Amino acid sequence: MAGSLMILMGALTLSSLHRFNYTCDTTYYKFPKFWTNTGLCPAGRIIHDDIRDSLLSDAMQMNLLYIAALPRGAITHIRIHWLLELLQFEQFSQSGVPIYDFSVLDKFLMDLDEMNIKPVIEFMANLSDVFIKNPTQNGLYWDNLSYQVARHYLNMFGAKKVLNWRFETWNEPDLLTYNKLNFSVEDYLTYTQSLHNGLEIAGIRPVDSLHFPLRGPAGLFKAESHHLLCWSILEFCNEYIESCPLEILTYHRKGFGENASVILNNSKLLLAKIYEKYPNLQKLQISNDESDPISGWSTPREFQADVRYAVTLVNIIIEHWRAKLTNTLFVNLETISHDNAFLSYHPYEFYQRTLLAHFRMNNTIPPHSQFIQKPVYTALGLLSRLADLASDVLTIEMTSGIRLDVLKTIDSVKYPLYYSWLIMPAAGFSANKMFYGGRENIILPEIHICDNEIYAFILESIDQDHTNPLNVWLNFNRPSYPNATIREVMRRQQGPKILTTGILLNTTLTLDLSTVKAPWLMLLRICSILKPHLTTPQNLLLTPVTHNEVLLTWQEINPTAVQCHKTYDVWFKMNNTQSWINISSDWHLPFPSFHFAPSNGLNVNGFYKVRGIDIFNKTSMFSTQVQYIEVK
């Protein structure tokens, strides 16, 4: 039999019907998740000790752990400026080759690997002034450094992992704040070619060769007279395309606020200029690896604190997907990235360009960090549930004057077992508008149901009223050190809200949006009973936060199995004589993490296990039990 799904959205009248045939009239395309990248710059001076202290601090490690605890595939890569400053120059060998101590960088990258986050290695470091003191040897030294880095980590992690890392040239080399080595054009061209050569040699094996593409020049590409380095490498590559050391052309175009179109429009202007002047570069893939809504991560802005930033980031993604499908300038778009993995600081805990609100609790002994998930964090988690085939973005003009963007995704054109639709007000729609009274029907595409097949659905949302921890913090007068009660109330507003879920008993689902405050976005997921069952949560990790508080994180192994996931159960028992209790029974846990801070007489010492629950209310097997003992 066949059926269709109707969503009745609060608006004006019943007279406006929008019908979309799901499989017959809709074209679907491979849908690479091109936005799963983040980045940061460590705090402190650009010296080994400061970079080490920043990246290995308990606050940064917890920050990264939270980012890694998004659903599988939400964030895959992290780009960290000055990462190679974790290396330490020791001495020159007898043949004049620099010898580096890798131990600190090893520790950091092993931590990332355990979190299942892949690094972007920028060849960007001063390293005890080795390069400044030996300018005539820079080509040799960069060649050797890129070789040593790639070869060292091939030996440590293996080819399968390192081939999924990314290697990039110096960030924004034309800016004096970054160009610590005072590259000339000749120096810079030598530097890029040397990096390429080192990576190529590192990949040579007895039977075959591994290939590590070099990305760059990670430039702003402003006036050519002031940005000579980046424009010069493009000129060289256009003239000698077969000898070009770069395979992915990376550039930076940010916006000026909440208007996502600015980033894309500025990228169009830049790419049109590049391709007109250097037509051979159209063969390269491209990446805007700093496509943030506005520059200056630490500048506090109200829109970065709440759902507006989440919706802005999603709009940036939607605009780039549209362009990738319809604009030849973006046919080779590989990725975009957002630098929002920073640690926010007082008094701007929510207001900086970050995924998490960070409270440094200096009123405890010892001090510790508390993190609250911002709506942008939730948005990335929801986006990870989109399927692997997607349509172009459909904009619906409603009789009320409201425009909606709908992105339809499915797991297979021929036999779809999974449907997911991203629904949100179209870009530019006023954040202050509300839906009032009446109804307007939107009939979304048909679902083709096989004999004896059952479908279940879940509709989750984030909006400015119900999933906005900032409101809680403001209502308590912005405490610098929110107490346990306030922190729990904030965490109750983390994550998406379930608007409705259940079995599709008929073909109509009714939704009233009059209670949802814009800006908002929703994810509708529809699953067949024939989809694979949830797999067992793996790698349950318990990380101490402070006295009687612990963060539980685990990993989703099969990304297609968790598309139909609804929530997680976390179970606890104090010792082997006690019964298991469900400590998350009144929490919605759509993502693989749980901050346990008991206030009912329990303590955190004991045994833990986790299982998943899907939208049919079927459960997975429990994870392996893990014991936690608080160290006092």
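For the structure, check the block above.
Read on for a plain summary of the structure. Everything numeric here is computed off the predicted structure, so don't read it as measured data.

Each value, and the rule that gives it
Residues numbered from 1 in each chain as written. Predicted model: local features only at pLDDT ≥ 70, side-chain atom pairs only at ≥ 80, totals over all residues. Heavy atoms only, no water. Helix = DSSP H or I, 4+ residues; strand = E, 2+ residues; numbered from the N terminus. Buried < 20%, exposed > 50% of the residue type's maximum accessible area, 1.4 Å probe, protein only. Contact = heavy atoms within 4.5 Å. Areas by Shrake-Rupley, 256 points an atom, 1.4 Å probe, with all protein chains shown as cover. Lys, Arg positive; Asp, Glu negative; His and termini not counted. Charge placed at Lys NZ, Arg CZ, Asp CG, Glu CD. Expected span 1.5 Å × (residues − 1). Pairing = 2+ DSSP bridges. Axes fitted to C-alpha atoms, helices over the stretch in contact; angles between N-to-C directions. Salt bridge = Lys/Arg side-chain N within 4 Å of Asp/Glu carboxyl O. Core = buried A, V, L, I, M, F, W, Y, C linked by side-chain atoms within 4.5 Å. Phe/Tyr/Trp six-rings, centres within 6.5 Å; stacked < 30°, edge-to-face > 60°. Lys NZ or Arg CZ within 6 Å of the ring centre and 35° of its normal. Disulfide = S-S within 2.5 Å.

Across its full length, the chain carries 13 helices and 31 strands. Sorting the 632 residues of the chain into buried and exposed places 59% on the buried side. Partitioning the contacts of the chain with sequence separation of at least 6, the portion at a separation of at least 24 is 75%. Surface accessibility of the chain: about 25400 Å² in total, with carbon and sulfur atoms responsible for 52%. Between the averaged position of the 51 positive side-chain charges in the chain and that of its 58 negative side-chain charges there is a distance of 5 Å.

With that out of the way, let us pick up helix α8 (residues 228-239). If you check α8, its first and last C-alpha atoms are 16 Å apart, about what twelve residues at 1.5 Å a residue would give, namely 16 Å. Within α8, burial applies to L229, C230, W231, S232, I233, L234, C237 and N238. Considering only its buried residues, α8 is in contact with α7 (185-202), β10 (214-219), β11 (248-251) and α9 (261-277).

Side chains of strand β4 (residues 37-40) alternate between two faces, with N37 and G39 and T38 and L40 buried alike. Relative to strand β5 (residues 77-80), β4 is paired through four bridges, and the arrangement is parallel. In the strand pairing of β5, T38 is matched with I78.

Bringing the sheet that holds strand β8 (residues 118-122) into the picture now. Taken in spatial order, the eight strands make up an open sheet running β4-β5-β8-β9-β10-β11-β12-β13, and their pairing is parallel. The sheet is open, and its two edges are formed by β4 and β13 (333-336), each paired on a single side. On average, adjacent strands in this sheet sit at an angle of 25 degrees to one another, irrespective of strand direction. Bridge analysis of β11 against strand β12 (residues 285-288) gives four bridges, and the strand direction is parallel. What sits directly across from T250, in β12, is S287.

What follows is about the environment of D111. Mapping D111 onto the fold places it in helix α3 (residues 103-115). Since its relative accessible area comes to 16%, D111 is described here as buried. Note: C-alpha distance between D111 and I486 (375 residues apart in sequence) is 31 Å.

Another aspect to go through is the pattern of salt bridges. As enumerated under the stated definition, the model contains 25 salt bridges in all. R308 is paired through a salt bridge with D306; the nearest N and O atoms lie 2.9 Å apart. For the residue pair R308 and D306, the accessibility class agrees, reading buried in each case. Within this structure, R79, E122, E168, K254, D289, E290, D292 and R353 form a network of salt bridges that share partners.

Right, let's get into the nonpolar core. F123, W142, V149 and L281 are the most contacted members of the largest nonpolar core, which has 128 residues in total. Here this core gets eleven residues from one element, more than from any other, and that element is helix α10 (residues 307-326). For V149, the contacting residues outside a window of four places in its chain are L84, L87, F102, I121, F123 and F167.

A few words now on the packing of aromatic side chains. Taken as a whole and assessed by the stated rule, the structure comprises 45 aromatic pairs. Ring geometry for W142 versus Y191: centroids 4.9 Å apart, planes at 85 degrees, classification edge-to-face. Taken as a pair, W142 in helix α5 (residues 138-157) and Y191 in helix α7 lie far apart in primary sequence, 49 residues in all. Looking at W142, the relative accessible area reads 1%, which means it is buried. Look at Y191 and you get buried, because its relative accessible area is 1%. Seen from their ring centres, F594 and F596 are 6.2 Å apart, and the 25 degrees between their planes marks the pair as stacked. With a relative accessible area of 6%, F596 lands in the buried category. Members of the aromatic cluster, connected to one another through ring pairs, are W82, F89, F92, Y100, F131, Y141, W142, W170, Y178, F183, Y188 and Y191. If you follow K609 out to its NZ or CZ, it ends over the ring of W580, 4.2 Å from the centre.

The next subject is the environment of P245. Within the secondary structure, P245 is located in the loop between α8 and β11. Aside from chain neighbours lying at most four places away, what touches P245 is T192, Q193, H196, L214, I233, F236 and C237.

In this section: unusual backbone geometry. A cis amide bond links G216 to the next residue, P217, at an omega of 5 degrees. Take P217: it is sitting in strand β10. Omega for the bond connecting H346 with P347 falls within 30 degrees of zero, at 5 degrees, which places this linkage in the cis form. The residue P347 is located in the loop between β13 and β14 (356-361) in this model. Even without being a glycine, N182 presents a positive backbone phi close to 55 degrees. Relative to the elements of secondary structure, N182 occurs in the loop between β9 (166-168) and α7. A residue is classified by how much of its surface remains accessible, and N182, at 58% relative accessible area, is exposed. Non-glycine residue N539 carries a positive phi angle of around 55 degrees. Summarising the element assignment, N539 is placed in strand β25 (residues 538-546).

On to the sheet that holds strand β28 (residues 581-582), then. What the four strands build is an open sheet, ordered β28-β27-β30-β31; its pairing is antiparallel. Bordering the open sheet on either side are β28 and β31 (626-628), each of which pairs with just one other strand.

Take helix α1 (residues 48-55) next. For α1, the full list of buried residues reads H48, D50, I51, S54 and L55. The elements touched by buried residues of α1 are β4, α2 (58-68), β5, β6 (88-92) and α3.

Two cysteines whose sulfur atoms are joined by a covalent bond form what is called a disulfide. Throughout the structure, instances matching the rule amount to two disulfides. The partner cysteine of C237 in its disulfide is C244, sulfur to sulfur 2.1 Å. Negative torsions about the S-S bond denote left-handed disulfides, and the value of about 70 degrees found for C237 with C244 makes this one right-handed. Each member of the pair C237 and C244 is classed as buried. Two residues, C527 and C564, share a disulfide whose sulfurs are 2.0 Å apart. Here the disulfide of C527 and C564 is left-handed, its torsion about the S-S bond being about -105 degrees. With C527 in strand β24 (residues 520-528) and C564 in the loop between β26 (549-555) and β27 (565-573), this residue pair connects regions lying 37 residues apart in the sequence. As far as burial versus exposure is concerned, C527 and C564 are alike and both buried. Indicated for the chain is the disulfide connectivity 1-2, 3-4, based on numbering the bonded cysteines in sequence order. Summary of cysteine pairing: C230 is not part of a disulfide, and the nearest cysteine sulfur, belonging to C237, is at 11 Å.

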